[in-house]
Structures are given as structure tokens and as C-alpha cells.
Amino acid sequence: MEKLAGKVAVVTGSSSGFGRAIAKAFAASGAKVVCSDVRKEARPEGYETDINLSTDEAIRKAGGDAIFVKCDVTKEAEVKALVDAAVKKYGKLDIIMNNAGVFTRMAKIHECTEDEYEFTMGVNIKGVWNGCKYAIAQMLNQGNGGKVINLVSIGGLVGLANEPAYCASKGAAANLTRQLAIDYGPDKITVNGICPNYAPTAMCRPYYEDEGVKKYVEDVTPLGRWVTAEEIAKLAVYLASGDADYITGALIPIDGGYTAR
Ligand SMILES: NC(=O)c1ccc[n+]([C@@H]2O[C@H](COP(=O)([O-])OP(=O)(O)OC[C@H]3O[C@@H](n4cnc5c(N)ncnc54)[C@H](O)[C@@H]3O)[C@@H](O)[C@H]2O)c1
């Protein structure tokens, strides 16, 4: 049987990169998927081979069940409306993948602007906070548990050079993940974090295309390469499935050994 048969999942930031691969993998595993993003179309800088299709269209074309709901995760009312839309369409919510995230540029803290800080924290931690808050409220109403998965980063586990706001936001998302696991374990709501190293997505195109940065990541990664969106999606499907029922509060590196040093 498909691992997520009968489940309803919300994925934030689903139009591009990890969110898109995760939404497609959830649907291929049998879930009904509510795709959501600030934009319906994939970011043009991405590497997706079907970039001309929105994620919900790609899922339906492959025989899956999906809708798109526009949502800016920094806006609490929009996140509440997203969860409500999932319940209205599919009757319940079993899984939320808090994936939406941003990275502005490589810079040291003394070079960063207040706007860069606010923007990064707004999406990467307030957005995760909002997603957790409204999904968990719905799961509590349903009374039969749920799966909350936060897309963190190795930047939530260790310091990354020239990424101060990003690391601050991801460190906060990492510890929020652990905190929520404690509060909602008794309700059988698991809360876990996925911590990838660098991947060729729209977000990282400027670095993946820079031979020096690309090689630096390969050199400091024991497995010698960047992770792929499809590899992240497989871990997300596992964490969303019954196979992971006893895993909560975990921050799982999927980093080719980057944080093993
Ligand atoms: N690519 C990497 O190397 C990498 C590594 C570790 C962690 N991450 C994290 O993975 C997640 C996805 O990254 P990605 O590489 O796929 O990025 P991406 O830029 O390719 O895709 C992110 C998606 O999020 C959407 N988004 C941005 N702001 C939003 C908002 N306020 N509300 C809703 N949607 C919004 C974008 O429109 C885009 O479709 C992020 O949380 C990122 O920090 C990425």
C-alpha cells in the first residue's frame, strides 16, 4: 500500500525546489496535497524539468490529487486560511510540511541591513511558527495525532560562514521543533526537522553556478556532492508516514556527512 494513502498534507513554499519535490512525492505516495506558495508558478531560476507546470498541475497530470492555495507564511491570517482551505477541500489535515524559506545573500553581520534580517526571520521562523500553530490546532481538534515537519538546514545545527540571519532563523526553527515535540507528544503529534546541506534549487543557483563555491561544498562534504531535492523528498515522505511514528523532536541531517566533522 502507498505510504501516505488517505492522508491530507499541506506543503508551504511548494512551487519550487524542495517544496515542489516534496509535494510531488507526497502525492505519489497517495496523499491529497494542498500546495501553497506566494506564487503559483515555479521560480524561473530553478532546475525543474517540468518548470512550465505549476506543482498542483504537475501532480494532477501524474494522476494525483492536489490544489493550490496562495499563502504568504509570514501572514498569520493567510496561514489560518490555508489550513481552513485544506479542511474545507479534503475534510482534515494529517501532515504539514513547513518548507517555505528564503536566503538573501552571503554577507557578514556588520554588512547586513535591518530589512534583510526582518525578511529572513519573517519567512524562516515566523512562517514556521505560523504553520505549526494552525496545523497543530487543527490536529488537536481532530484528536488522532499528526505529523509536523519543518525544513530546517545544516544552518540550524552549525554555523555557516557569511549566513548570520539565515543561521539565526534556522537555529530558532530547530529548537522550536524540539520544543513542540515535547508539548504535543502526548497528543501523538510528532514534530521533526529536516536539515539538508546545499542543493541545486532556485535559492542556490548563484552558488551552484559558481565553480569555486560548488567545489568548496563538494570538498567539505564527505560524500563529495550536493544533496538533491528528490533525496530530501524521500526523507519527508518517511517522516510523514507511519514508519516514523516513534520519531519526534529529531533534527535529521541529510548532508552527506557535512555536520559529522
Ligand atoms: N537549497 C538549499 O541548499 C537548502 C539547504 C538547506 C535548507 N534549505 C531550506 O529548504 C527550504 C526550501 O528551499 P529551496 O532551496 O527549495 O528554495 P526555493 O527558493 O527554490 O523555493 C522556495 C519556495 O518558497 C516560496 N516562498 C518564499 N517566501 C515565501 C513565503 N513568505 N510564503 C510562502 N512561500 C514562500 C518561494 O516562492 C519558492 O517557491 C527553505 O526553507 C530553505 O531555507 C534549502
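Reading the values: rules and limits
Residues numbered from 1 in each chain as written. Predicted model: local features only at pLDDT ≥ 70, side-chain atom pairs only at ≥ 80, totals over all residues. Helix = DSSP H or I, 4+ residues; strand = E, 2+ residues; numbered from the N terminus. Rg over C-alpha atoms; globule rule 2.2 N^0.38 Å. Buried ≥ 20, exposed ≤ 12 C-beta atoms within 10 Å, placed from the backbone. Pairing = 2+ DSSP bridges. Right-handed = clockwise from strand over helix to strand, strands pointing away. Axes fitted to C-alpha atoms, helices over the stretch in contact; angles between N-to-C directions. Parallel < 35°, antiparallel > 145°, perpendicular 65-115°, else oblique. Left-handed = near helix turned anticlockwise from the far one by under 90°. Contact = placed C-beta atoms within 7 Å. Nonpolar A, V, L, I, M, F, W, Y, C, P; charged D, E, K, R; others polar. Core = buried A, V, L, I, M, F, W, Y, C linked by C-beta atoms within 7 Å. Near = placed C-beta within 6 Å. Expected span 1.5 Å × (residues − 1).

> How would you sum up the overall build of the protein chain? Please name residues and give values.
Broken down by element type, the protein chain carries 8 helices and 7 strands. Computed over the C-alpha atoms, the radius of gyration of the protein chain is 17 Å, within 12% of the 18 Å expected from 2.2 N^0.38 for a compact globule of 261 residues. Its C-alpha atoms put the protein chain at 50 × 40 × 35 Å along the principal axes. The buried share of the protein chain, taken over its 261 residues, is 49%.

> Break down the pairing of strand S4 (residues 95-98) for me, with residues and values.
Neither face of S4 is left uncovered, since the one carrying Ile 95 and Met 97 and the one carrying Ile 96 and Asn 98 both have all their residues buried. With 3 bridges joining them, strand S1 (residues 8-12) and S4 adopt parallel strand pairing. Bridge pairing links Val 11 to Met 97 in S4. Where S4 lies against strand S5 (residues 146-151), 4 bridges are found, and the strand directions are parallel. Along S5, the bridge assignment pairs Asn 98 with Asn 150. The β-α-β motif built from S4, the intervening helix H4 (residues 114-142) and the parallel element S5 has right-handed crossover chirality.

> Can you lay out the environment of Glu 209 for me, pointing to particular residues and giving the numbers?
Its location among the elements puts Glu 209 in the loop between helix H6 (205-208) and helix H7 (211-220). Taking C-alpha positions, Glu 209 is 32 Å from Ala 250, a pair spaced 41 residues apart along the chain.

> Would you mind going over the packing of H4 against helix H5 (residues 164-184) in detail, with residue names and values included?
Axis separation between H4 and H5 bottoms out at 8 Å; the angle between their running directions is 15°. Here H4 lies roughly parallel to H5, going by the angle between them. The two elements H4 and H5 cross, and the hand of that crossing is right-handed. For the pair formed by H4 and H5, the contact residues are Glu 116, Tyr 117, Thr 120, Met 121, Asn 124, Ile 125, Val 128, Trp 129, Cys 132 and Ile 136 on the first element and Ala 165, Tyr 166, Ser 169, Lys 170, Ala 172, Ala 173, Leu 176, Leu 180 and Tyr 184 on the second. For the contact of H4 with H5, the residue count by class is 14 nonpolar, 3 polar and 2 charged.

> Explain the nonpolar core to me, and be specific about the residues and the numbers.
Ala 9, Val 10, Ile 22, Phe 26, Val 33, Ile 232 and Ala 236 are the most contacted members of the largest nonpolar core, which totals 71 residues. Those residues in contact with Ala 9 that lie beyond four places of it in its chain are Phe 26, Ala 31, Val 33, Val 34, Asp 94, Ile 95, Met 97 and Ala 240.

> An account of the site of the ligand is requested, with residue identities and associated values reported.
Surveying the vicinity of the ligand reveals 31 residues, the closest of which are Gly 13, Gly 17, Gly 101, Thr 201 and Met 203. Secondary-structure elements contributing two or more residues to the shell around the ligand are helix H1 (17-28) and H4. Counting residues per element, the shell around the ligand draws most heavily on H1, which supplies 3 residues.

> So what's going on with the environment of Ala 86? Residues and values would help.
Among the structural elements, Ala 86 can be located in helix H3 (residues 76-90). On a C-alpha basis, the gap between Ala 86 and Val 10 in space is 7.2 Å, while along the polypeptide they are 76 residues apart. In this structure Ala 86 touches Val 8, Val 10, Val 34 and Leu 93, once residues within four positions along its chain are discounted.

> Just give me the short version of the sheet that holds strand S2 (residues 32-37), but keep the residues and values in it.
Reading across the sheet, the 7 strands line up as S3-S2-S1-S4-S5-S6-S7 and stay open at both edges, with parallel pairing between neighbours. Edge positions in the sheet fall to strand S3 (65-70) and strand S7 (251-254), since each of these pairs with one other strand and no more. Going across the sheet, the axis of each strand differs from the next one's by a mean of 20°, ignoring polarity. Across the face of the sheet, H5 comes into contact with S5, strand S6 (189-196) and S7 while running at roughly 160° to S6.

> Summarise H1; cite the residues concerned and give the values.
Taking 1.5 Å of rise per residue, the 12 residues of H1 would be expected to cover 16 Å, and the 17 Å separating its terminal C-alpha atoms lies within 8% of that figure. Along H1, 11 of the 12 residues are buried, which leaves the element largely enclosed by surrounding structure. Listed in full, the buried residues belonging to H1 are Gly 17, Phe 18, Gly 19, Arg 20, Ala 21, Ile 22, Ala 23, Lys 24, Ala 25, Phe 26 and Ala 27. Residue Gly 30 follows H1 closely and has a positive phi angle near 105°.

> A description of the packing of H3 against H4 should follow, citing residues and the corresponding values.
Helix-helix packing is described using two parameters, namely the angle between the two axes and the distance between the axes. Here H3 crosses H4 at 35°, and the two axes come no closer than 9 Å. Relative to H4, H3 is oriented so that their crossing is right-handed. Between H3, through Glu 76, Val 79, Lys 80, Val 83 and Val 87, and H4, the contact on the second element is made entirely by Asn 130, Gly 131, Tyr 134, Ala 135 and Gln 138.

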